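Chain and residue survey
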Amino acid sequence: MNYTNLFKIALRAIMANKMRSFLTALGIIIGVASVITMLAIGQGSKRSIQANIAEMGSNMIMIHPGADMRGGVRQDPSAMQTLKLSDYESLRDECNYIKGISPVVSSSGQFIYGNNNTQSTLYGVNREYLDIRQLSVSDGDMFTDQDIKAGAKVCILGQTVVDYLFPDGSDPVGRVVRFNTIPFRVIGVLKKKGYNSMGMDQDDLVLAPYTTVMKRILAQTYLSEIQASAITEDVTDKATAEMTTILRRNHKLKDATDTTQGDDDDFNIRSQEELSSMMNSTTDMMTILLGCVAGISLIVGGIGIMNIMYVSVTERTREIGLRMSVGARGVDILNQFLIEAIMLSVTGGIIGVLLGIGASYAVKMFAHWPIYIELWSIIMSFAVCTFTGVFFGWYPAKKAARLDPIEAIRYE
């Protein structure tokens with residue numbers, strides 16, 4: 001018997017029991033659709049997080065003061081004074097792998113304009129801070145280097161602060177707002193960025209020259225933080241190592257030798273790449289978990305195919321005996337039932353792929369979750385469902401091929 005005849009016989013057997021065939025393939029349909037939908041949700045979440053991190057500055061490097069022990073008590077890193085302006089200047093002049101660097105000092109307080117007020121944070125930075133954090137001025141101008149040198153009382157408002165202080169929609173540029181009791185002239189408004197993946201409002205901030213904040217607000221000579229951006233993401237590790245070397249030299253920290261132990265860093269360097277890697281590993285784990293849970297449906301569908309094939313073999317025992325008595329070989333009977341199982345699984349796989357793609361876009365439309373359908377997820381789920389049909393259909397088909405023709409013809 002050729003494969004064309006075997007295909008026709010298998011198709012005729014499936015069409016003779018349409019409802020049973022559909023219920024048999026239903027497990028495969030649900031399994032494939034579930035795998036594609038779950039992986040689309042997982043990949044969509046991963047890409048959404050990556051996009052949010054990229055908006056914050058994917059190659060950003062942050063340097064914070066390190067915690068210290070005093071009298072057996074570990075101090076709050078924010079109270080440490082280990083980062084100085086000289087550190088910022090050394091990093092700015094000597095680092096070869098960074099394209100921008102800014103000192104950062106901050107103070108939280110109340111901003112007031114007329115009868116309106118709001119709580120926010122004032123950040124003292126330089127002009128390069130905008131490029132590092134991928135911010136831009138939508139209205140007005142950024143403060144100048146001369147403003148930084150003079151410690152000018154000028155500021156750039158985030159959109160959230162603008163909405164609270166100027167609810168009537170008037171232009172804030174040129175107005176004077178007060179931070180606690182100190183007046184600042186508004187020279188610009190930042191372009192709106194919205195919330196990030198951690199739920200933080202990226203527009204609830206005010207920028208001013210770092211010299212102004214250090215001298216007129218905080219009266220301090222040390223920095224709260226230094227932020228920089230590597231030339232590219234690929235050289236982030238090199239930039240971090242270079243910064244570590246420069247800061248250890250500036251802070252006169254001893255390196256380890258064969259006989260002595262080196263001093264611990266009194267600063268911490270973190271990069272967005274580390275955050276991105278951590279978030280990616282978490283989302284990858286969740287995606288795999290979702291895929292595995294959905295993949296259980298494929299196993300259940302495969303067991304359903306095996307059970308129905310057992311029933312089909314039992315029902316058609318006499319047919320098998322007649323075919324074998326007129327010359328059909330065991331391999332022909334094996335192929336007949338195996339092709340039937342593969343047809344059920346492949347048909348279920350095609351329907352499942354279409355249903356999975358449709359379900360993914362339905363999730364995006366109604367639940368407003370980010371999705372991204374990877375081609376490999378479709379190929380993988382379809383290949384698995386085909387393998388499932390072969391694996392679970394083979395044993396019943398093998399049993400049919402081993403039937404004794406005489407016993408099969410006599411079967412009642």
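In what follows, the structure referred to is the one given above.
As the structure is a computational prediction, the values presented were derived from the model and not from experiment.

Concerning the environment of Leu 298
Turning to its location among the elements, Leu 298 is positioned in helix α9 (residues 272-315). Take Leu 298: its relative accessible area is 5%, and that puts it in the buried class. For Leu 298 and Ser 21, which are 277 residues apart along the polypeptide, the C-alpha to C-alpha distance reads 16 Å. In contact with Leu 298, other than residues within four places in its own chain, are Ile 28, Gly 31, Val 32, Val 35, Val 384, Cys 385 and Thr 388.

A closer look at a nonpolar patch on the surface
Together, Phe 7, Leu 11 and Met 15 make up an exposed nonpolar region whose accessible area comes to about 260 Å². Structurally, the position occupied by Phe 7 is in helix α1 (residues 3-16). With a relative accessible area of 40%, Phe 7 lands in the partly exposed category.

Side note on helix α7 (residues 210-218)
Taken residue by residue, α7 has Tyr 210, Thr 211, Thr 212, Val 213 and Met 214 as its buried positions. Of the surrounding secondary structure, the elements contacted by the buried residues of α7 are α3 (85-94), β4 (98-113), β5 (116-125), α5 (145-150), β9 (182-190) and β10 (206-209). In the segment just after α7, Ala 219 is the residue with positive phi, at about 55°.

Concerning the nonpolar core
One finds Ile 63, Leu 91, Phe 143, Leu 207 and Met 243 to be the most contacted residues of the largest nonpolar core, which totals 55 residues. If one sorts the elements of this core by residue count, β9 sits on top with six residues. Setting aside anything within four residues of it in sequence, one finds Leu 91 in contact with Ile 63, Ile 98, Ile 101, Ile 226, Met 243, Ile 246 and Leu 247. Counting residues in each nonpolar core, the second largest holds 23 residues, with Ile 28, Val 313, Leu 334 and Ala 400 among its members.

Re the packing of aromatic side chains
Enumeration according to the criterion identifies three aromatic pairs in this entry. Seen from their ring centres, Phe 111 and Phe 179 are 4.8 Å apart, and the 45° between their planes marks the pair as tilted. Residue Phe 111 is located in strand β4, and its partner Phe 179 is located in strand β8 (residues 176-179); the two are separated by 68 residues in the primary sequence. Exposure remark for Phe 179: the relative accessible area of 1% places this residue in the buried category. Here the aromatic rings of Tyr 113 and Phe 166 are separated by 4.5 Å at their centres, their planes lie at 40°, and the arrangement is tilted. Of this pair, Tyr 113 sits in strand β4 while Phe 166 sits in the loop between α6 (159-165) and β8, placing them 53 residues apart in sequence. Assessed through its relative accessible area of 24%, Tyr 113 is described here as partly exposed.

Some details on the packing of helix α10 (residues 317-325) against helix α11 (residues 330-367)
Where α10 contacts α11, the two axes come as close as 10 Å, and the packing angle between them is 140°. Here α11 runs oblique to α10, going by the angle between their axes. For the element pair α10 and α11, the recorded crossing hand is right-handed. Contacts from Glu 319, Ile 320, Arg 323 and Met 324 of α10 reach α11 at Ile 333, Gln 336 and Phe 337.

Considerations on helix α12 (residues 375-401)
Compared with an ideal rise of 1.5 Å per residue, which puts 27 residues at 39 Å, α12 spans 38 Å between its outermost C-alpha atoms and is within 8% of the ideal. At Trp 394, α12 shows its largest kink, close to 40°, and the proline Pro 396 lies no more than four residues downstream. All of the buried residues in α12 are Ser 377, Ile 378, Ser 381, Cys 385, Thr 388, Gly 389, Phe 392, Gly 393, Pro 396, Ala 397, Ala 400 and Ala 401.

Some words on unusual backbone geometry
In the Ramachandran plot, Gln 134 falls in the positive-phi region, its phi being about 55° despite a non-glycine side chain. Examined against the element boundaries, Gln 134 turns out to sit in the loop between α4 (129-132) and β6 (137-140). For Gln 134, a relative accessible area of 41% translates into the label partly exposed. Positive phi is not limited to glycine here, since Asn 180 has a value of about 60°. As for its placement among the helices and strands, Asn 180 is situated in the loop between β8 and β9.

Things to note about the environment of Val 105
In this fold, Val 105 is placed in strand β4. Excluding residues that lie within four positions of it along the chain, Val 105 makes contacts with Leu 122, Tyr 123, Gly 124, Tyr 210, Val 213, Met 214, Leu 218, Gln 220, Tyr 222, Leu 223 and Ser 224.

Topic: the pairing of β9
Taken across its nine residues, β9 has seven buried, putting it largely inside the fold. Bridge count between β6 and β9: three bridges; the pairing is antiparallel. Pairing of Val 137 across the sheet is with Leu 190, part of β9. Bridge count for β8 against β9 is four bridges, and the pairing is antiparallel. Bridged to Val 177 within β9 is Phe 184.

Points about the pairing of strand β7 (residues 154-157)
In β7, alternate side chains face the same way, and those of Val 154 and Ile 156 on one face and Cys 155 and Leu 157 on the other are all buried. Where β7 and β9 come together, four bridges link them in parallel fashion. Paired with Ile 156 across the two strands is Gly 188, which belongs to β9.

With respect to the side chain of Asp 87
With respect to the helices, strands and loops of the structure, Asp 87 is situated in helix α3. For Asp 87, which is buried and forms no salt bridge, the nearest opposite charge comes from Arg 249, at a distance of 7.7 Å. Side chain to side chain, Asp 87 and Asn 250 meet in a polar contact 3.3 Å long. For Asp 87, the side chain forms a polar contact with the side chain of His 251, separated by 2.9 Å. The residues contacting Asp 87, other than those within four sequence positions of it, are Thr 82, Ile 226, Leu 247, Asn 250 and His 251.

Cut-offs and rules
Residues numbered from 1 in each chain as written. Predicted model: local features only at pLDDT ≥ 70, side-chain atom pairs only at ≥ 80, totals over all residues. Heavy atoms only, no water. Helix = DSSP H or I, 4+ residues; strand = E, 2+ residues; numbered from the N terminus. Buried < 20%, exposed > 50% of the residue type's maximum accessible area, 1.4 Å probe, protein only. Contact = heavy atoms within 4.5 Å. Patch = residues over 30% accessible without salt bridge, like charges linked within 9 Å, V, L, I, M, F, W, Y side chains within 5 Å. Areas by Shrake-Rupley, 256 points an atom, 1.4 Å probe, with all protein chains shown as cover. Salt bridge = Lys/Arg side-chain N within 4 Å of Asp/Glu carboxyl O. Core = buried A, V, L, I, M, F, W, Y, C linked by side-chain atoms within 4.5 Å. Phe/Tyr/Trp six-rings, centres within 6.5 Å; stacked < 30°, edge-to-face > 60°. Axes fitted to C-alpha atoms, helices over the stretch in contact; angles between N-to-C directions. Parallel < 35°, antiparallel > 145°, perpendicular 65-115°, else oblique. Left-handed = near helix turned anticlockwise from the far one by under 90°. Expected span 1.5 Å × (residues − 1). Bend = angle between axes of the 7 residues up to and from the residue. Pairing = 2+ DSSP bridges. Lys, Arg positive; Asp, Glu negative; His and termini not counted. Polar contact = N/O pair within 3.5 Å; in protein donor to acceptor, adjacent residues only side chain to side chain.

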